[in-house]
Amino acid sequence: MANFKGHALPGSFFLLFGLWWSVKYPLQYLSQKVNKKSHRIHCFQRLDAIEGGIKIIFALIGMLAEQFVPDGPHLYLYSGENRDWVKLMNWQHTTMYLFYGLSGVVDVFTYVSEVVPRGLDRLMLSVAVFVEGCLFYYHVLHRPMLDQHIHSLLLIAIFSGACSTMLEVFLRDNIVLELFRASVTIVQGTWFWQIGVVLFQPWGGPIWDEKDHSNIMFLTMCFFWHWAATVAILAINYTLVYCCIQRGRRGIREPYIGLGVQQASPMPTSFLSSALRGTFFFIFGLWWSVRYPLKYLRQKANAESQPSYGVQRVEVFEGAVKAFFALAGILAEQFVPAGPRLQLYSPKTHSWMELTHWHYTTMYLFFLLSGIVDVVSHSPLKLPLGLDRLLLSVALFIEGLLFCFHDYSDAALDDHLHSLLAMAIFAGALCALLEVFLRDHIILETFRTSSFLLQGSWLWQIGFVLCPPWGGPGWDETDRSNFTFLTMCFCWHYAGALAVLAANSAASRCCNESCQLKFRDIDVELDCGMCIRKGNKSSSGALLPESTSDDK
């Protein structure tokens, strides 16, 4: 249905399932961690079957609504009289609901029959989400720019959910993947409502200008605000479930958890602003280039399987510093003299207020969430292992998307500089995502460190190119040789980052070996002293019946 109700209906379905999963999976994870009981596992399996039944009901409601609304196709696919297709948009939505209905059927059969292979329910759900993404991808071709963009943002959540659910086929009951699936489902639900509000204006108001690029920039930010709110919902629900379980444990020895059925300004050319952002990334890259090699060498020497208390304290301190830097960045972007000062829209001029500053505020917001998760990961809340790396990956991914969808106008050189930066950002995001499953992998940690060093130095380079701090002629944007040089220069920056990484790794190795030698010398001296003392005691015991007070 090409109206507000047609978007609000599937949005409500996704939102309900996402909210339910944000409670169910933390409850399942924490209750099984506290007390592994077979009847609890059976209870959650029954819930999966009930979920499948509800999914079937929702899918049938959706198909009937798409087919039998007053302007629906009423099960007619082709009109012989007009020699034309009948309401293909409704048929596309019907196809989407059909696959979710099949997913519900497989959920029920997985519980009823033991013949069904384990993981088939997740595979069918992944196929349903993938089909939804393909349908929407070809659904908005040849549409206006605003319509295309707002649906293309939805594709990010859809295909992310499809990939995550596919991984669950092989990594069953992985709490990080389950929470990620819950988050993208909530984002789908809220964004369907956002699409309906933007395109159809259910409560009246001015129509959105489909040719204004400022609206594109705002909707990109708004999509990530939806995601930030989703992360907050997940955190709140996880905390509430944890508190309920802890209260139940205190109340009775063996708890039972009952389960009920102005025009956008171009990219800022201030050297200082670019340098400050670069410094943020460069400091973290330098610190990691020392910390990770040192941690690897010490773990190799001591053969420790679990991180020590000192390592945990360092990670908590890192998270606090990250949150502090991000909060400082948010305040700087909002309250600089030319900043928006928390005002997003001007009713006087009927235009957005300094969307560039809001872009960077959104970027810092997700790094702030990443820092908070780093700190809370080592608290008594018992957050799933790997959630800190997942939030860091999401923060980097969002940073890259914000740079990709920014309005560079006709500044081709500006666009080229930031497209090179996006390569480092997405490489770091992919690496951090792999660390969710390959924890404490020195190769991945080293590569992430190099991407942060590259981001930091390249942001400084962007400041030098776009706004030379010491004056001088500007760079000619029509000269293609400048583009060639900057591409080479980007590779030189990466070579420099690798050199810094190698030097710091070598210095960490030397420091580690010198510390080990000193401790060995102390151990040898102590051992020799103990041997001499024992020899004196034995000889004095043989010659004298008692030792004097001086000998003692």
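A few points on the structure. (Residues numbered from 1 in each chain as written. Predicted model: local features only at pLDDT ≥ 70, side-chain atom pairs only at ≥ 80, totals over all residues. Heavy atoms only, no water.)

Let's talk about the overall build of the protein
Reasoning step 1: Broken down by element type, the protein carries 14 helices and four strands.
Reasoning step 2: Taken across its 552 residues, the protein has 46% of its residues classed as buried.
Reasoning step 3: Summed over all atoms, the accessible surface of the protein reaches about 28300 Å², with 67% contributed by carbon and sulfur. (Helix = DSSP H or I, 4+ residues; strand = E, 2+ residues; numbered from the N terminus. Buried < 20%, exposed > 50% of the residue type's maximum accessible area, 1.4 Å probe, protein only. Areas by Shrake-Rupley, 256 points an atom, 1.4 Å probe, with all protein chains shown as cover.)

Observations concerning the packing of aromatic side chains
Reasoning step 1: Enumeration over the complete set of coordinates arrives at 34 aromatic pairs.
Reasoning step 2: Judged by centre distance (6.3 Å) and plane angle (75°), the ring pair of Phe13 and Tyr97 falls under edge-to-face. Here Tyr97 lies in helix 3 (residues 88–112) and Phe13 lies in helix 1 (residues 4–34), a separation of 84 residues in the sequence. Each member of the pair, Phe13 as well as Tyr97, is classed as buried.
Reasoning step 3: Centroid distance Phe284 to Phe325: 6.3 Å. Interplanar angle 80°. Geometry classified as edge-to-face. A residue pair is termed long-range when its members are at least 10 positions apart, and Phe284 in helix 8 (residues 271–302) and Phe325 in helix 9 (residues 309–335) qualify at 41 residues. (Phe/Tyr/Trp six-rings, centres within 6.5 Å; stacked < 30°, edge-to-face > 60°.)

Comments concerning the pattern of salt bridges
Reasoning step 1: Considering all chains together, one arrives at 18 salt bridges under this definition.
Reasoning step 2: Arg181 is paired through a salt bridge with Glu168; the nearest N and O atoms lie 2.6 Å apart. Of this pair, Arg181 sits in helix 6 (residues 175–200) while Glu168 sits in helix 5 (residues 145–170), and the two are 13 residues apart along the sequence. Here Arg181 matches Glu168 in class, with each residue buried.
Reasoning step 3: Here Arg291 makes a salt bridge to Glu315, at a shortest N to O gap of 3.1 Å. Highlighted residues: Arg291 in helix 8 and Glu315 in helix 9, separated in sequence by 24 residues. When sorted by exposure, Arg291 lands in the same class as Glu315, which is buried.
Reasoning step 4: Through salt bridges with shared partners, a single network forms among Asp121, Arg122, Glu168, Arg172 and Arg181. (Salt bridge = Lys/Arg side-chain N within 4 Å of Asp/Glu carboxyl O.)

A short note on helix 3
Reasoning step 1: Here helix 3 is 25 residues long and its end C-alpha atoms lie 36 Å apart, about the 36 Å a rise of 1.5 Å per residue gives.
Reasoning step 2: Those residues of helix 3 lying buried are Asn90, His93, Thr94, Met96, Tyr97, Tyr100, Gly101, Ser103, Gly104, Val106 and Asp107. (Expected span 1.5 Å × (residues − 1).)

Quick word on unusual backbone geometry
Reasoning step 1: A positive phi is found at Arg341, a non-glycine position, where the angle reads about 55°.
Reasoning step 2: Looking at the element boundaries, Arg341 is found in the loop between helix 9 and strand 3 (345–346).
Reasoning step 3: A relative accessible area of 46% means that Arg341 is categorised as partly exposed.
Reasoning step 4: In this model, Asp440 sits at a positive phi of 60°, which is unusual for a non-glycine residue.

So, the nonpolar core
Reasoning step 1: If you look at the biggest cluster of nonpolar residues, it comprises 110 residues, and the most contacted ones within it are Trp191, Phe218, Phe223, Trp227, Phe366, Phe367 and Trp458.
Reasoning step 2: Per-element tally for this core: the top contributor is helix 7 (residues 213–251), with 16 residues.
Reasoning step 3: Ignoring anything within four residues of it in the chain, the contact list for Trp191 reads Ile150, Leu153, Leu154, Leu219, Cys222, Phe223 and His226. (Core = buried A, V, L, I, M, F, W, Y, C linked by side-chain atoms within 4.5 Å. Contact = heavy atoms within 4.5 Å.)

Structural notes on helix 11 (residues 387–404)
Within an α-helix, residues lying three or four positions from one another point in the same direction, as the helix has 3.6 residues per turn.
Reasoning step 1: Compared with an ideal rise of 1.5 Å per residue, which puts 18 residues at 26 Å, helix 11 spans 26 Å between its outermost C-alpha atoms and is within 8% of the ideal.
Reasoning step 2: Burial analysis of helix 11 places 16 of its 18 residues in the buried class, the great majority of the element.

Some details on the packing of helix 10 (residues 355–376) against helix 11
Reasoning step 1: Axis separation between helix 10 and helix 11 bottoms out at 8 Å; the angle between their running directions is 175°. It follows that helix 10 is roughly antiparallel to helix 11 by the angle criterion. Judged by residue contacts, His359, Tyr360, Thr362, Met363, Phe366, Phe367, Leu369, Ser370, Val373 and Asp374 of helix 10 engage Leu387, Asp388, Leu391, Leu392, Val394, Ala395, Leu396, Ile398, Glu399, Leu402 and Phe403 from helix 11.
Reasoning step 2: For the contact of helix 10 with helix 11, the residue count by class is 15 nonpolar, three polar and three charged. (Axes fitted to C-alpha atoms, helices over the stretch in contact; angles between N-to-C directions. Parallel < 35°, antiparallel > 145°, perpendicular 65-115°, else oblique. Nonpolar A, V, L, I, M, F, W, Y, C, P; charged D, E, K, R; others polar.)

Notes on the side chain of Thr185
Reasoning step 1: Within the secondary structure, Thr185 is located in helix 6.
Reasoning step 2: Here Thr185 is in contact with Phe14, Leu15, Phe17, Gly18 and Trp21, once residues within four sequence places are set aside.

Section: the environment of Pro384
Reasoning step 1: Tracing the backbone through its elements, the reader meets Pro384 in the loop between helix 10 and helix 11.
Reasoning step 2: With relative accessibility at 2%, the residue Pro384 sits in the buried group.
Reasoning step 3: When neighbours within four sequence positions are excluded, Pro384 is seen to be in contact with Tyr29, Ile175, Val176, Leu179 and Tyr238.

Comments concerning the packing of helix 4 (residues 120–139) against helix 6
Geometrically, a packed helix pair is captured by the angle between its two axes and the distance between the axes.
Reasoning step 1: Contact geometry for helix 4 and helix 6: axes closest at 14 Å, N-to-C directions at 35°. As for how helix 4 packs across helix 6, the hand of that crossing is left-handed. Residues Arg122, Leu125, Glu132 and Phe136 of helix 4 form the contact with helix 6, whose own contacting residues are Glu178, Arg181, Gln188 and Phe192.
Reasoning step 2: Across the contact of helix 4 with helix 6, the residue classes tally to three nonpolar, one polar and four charged. (Left-handed = near helix turned anticlockwise from the far one by under 90°.)

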